[in-house]
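Analysis of the macromolecular model
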Amino acid sequence: MLKTEQETTVFSDESDDTLGGRISMARDAAGISVESLAGQLGVNQETMLAWESDRSEPKPTALATMAGLFGVSPAWLMTGTGDGPREDSEERALEAVRSELSRLRSAYQDIGRLIETTTCQIERLDHQIRLRNVSKDVAH
């Protein structure tokens, strides 16, 4: 299938020339979350992330299963040649990016709350230490 310039741009990524990059790209194109795919393959999310970041490689059976789920050929997943993700659904790609942005915003908010909580704990402990030191100075 010939790709238009716009379709190539939608899924273009420097990491798609690695097995992990192709797994990630095909998973996103299929609209499947890391959590969902890990569950379907019977592996934990850390394993999926290791595959997608090229820190480890899946077994051939997992590759074949992923190819079927993604609608790509196993050869494309392994080498980048053959039938890759259908890029006819820009809406699906847009939804995948929106979903990732939503996840990042949620993580950002969680980190903000953790920073605020930690800041309050530091201020409270600092205040207690100062009071204790003032009490010691007054006692002496």
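Okay, so let's go over this structure. None of these values were measured; they are calculated from a predicted model.

Here's the deal with the side chain of Glu52
- Residue placement: Glu52 occurs in helix 4 (residues 45–52).
- Glu52 sits in the buried class, given a relative accessible area of 13%.
- Here the side chain of Glu52 touches Arg27 through a polar contact of 2.5 Å, side chain to side chain.
- Ignoring any residue separated from it by four or fewer positions in sequence, one finds Glu52 in contact with Gly20, Gly21, Ile23, Ser24, Arg27 and Val34.

Examining the pattern of salt bridges
- Taken as a whole and judged by the stated rule, the model has 5 salt bridges.
- One salt bridge in this structure joins Asp28 and Arg27, with 3.3 Å as the shortest N-O distance.
- Residue classification places Asp28 among the partly exposed residues on the basis of a relative accessible area of 32%.
- Taking the shortest distance from any N to any O, the salt bridge between Arg103 and Glu100 comes out at 2.9 Å. With Arg103 and Glu100 both in helix 7 (residues 90–139), this residue pair falls 3 residues apart, about one helical turn.
- Look at the salt bridges and you will find they share partners, linking Arg27, Asp28 and Glu52 into a network.

Examining unusual backbone geometry
- Here Asp54, not a glycine, exhibits a phi torsion of approximately 60 degrees, which is positive.
- The residue Asp54 is located in the loop between helix 4 and helix 5 (60–70) in this model.
- Relative accessible area serves as the criterion here: at 41%, Asp54 is assigned to the partly exposed category.

Calculation rules
Residues numbered from 1 in each chain as written. Predicted model: local features only at pLDDT ≥ 70, side-chain atom pairs only at ≥ 80, totals over all residues. Heavy atoms only, no water. Helix = DSSP H or I, 4+ residues; strand = E, 2+ residues; numbered from the N terminus. Buried < 20%, exposed > 50% of the residue type's maximum accessible area, 1.4 Å probe, protein only. Polar contact = N/O pair within 3.5 Å; in protein donor to acceptor, adjacent residues only side chain to side chain. Contact = heavy atoms within 4.5 Å. Salt bridge = Lys/Arg side-chain N within 4 Å of Asp/Glu carboxyl O.

Any functional reading would require information beyond the geometric quantities listed.
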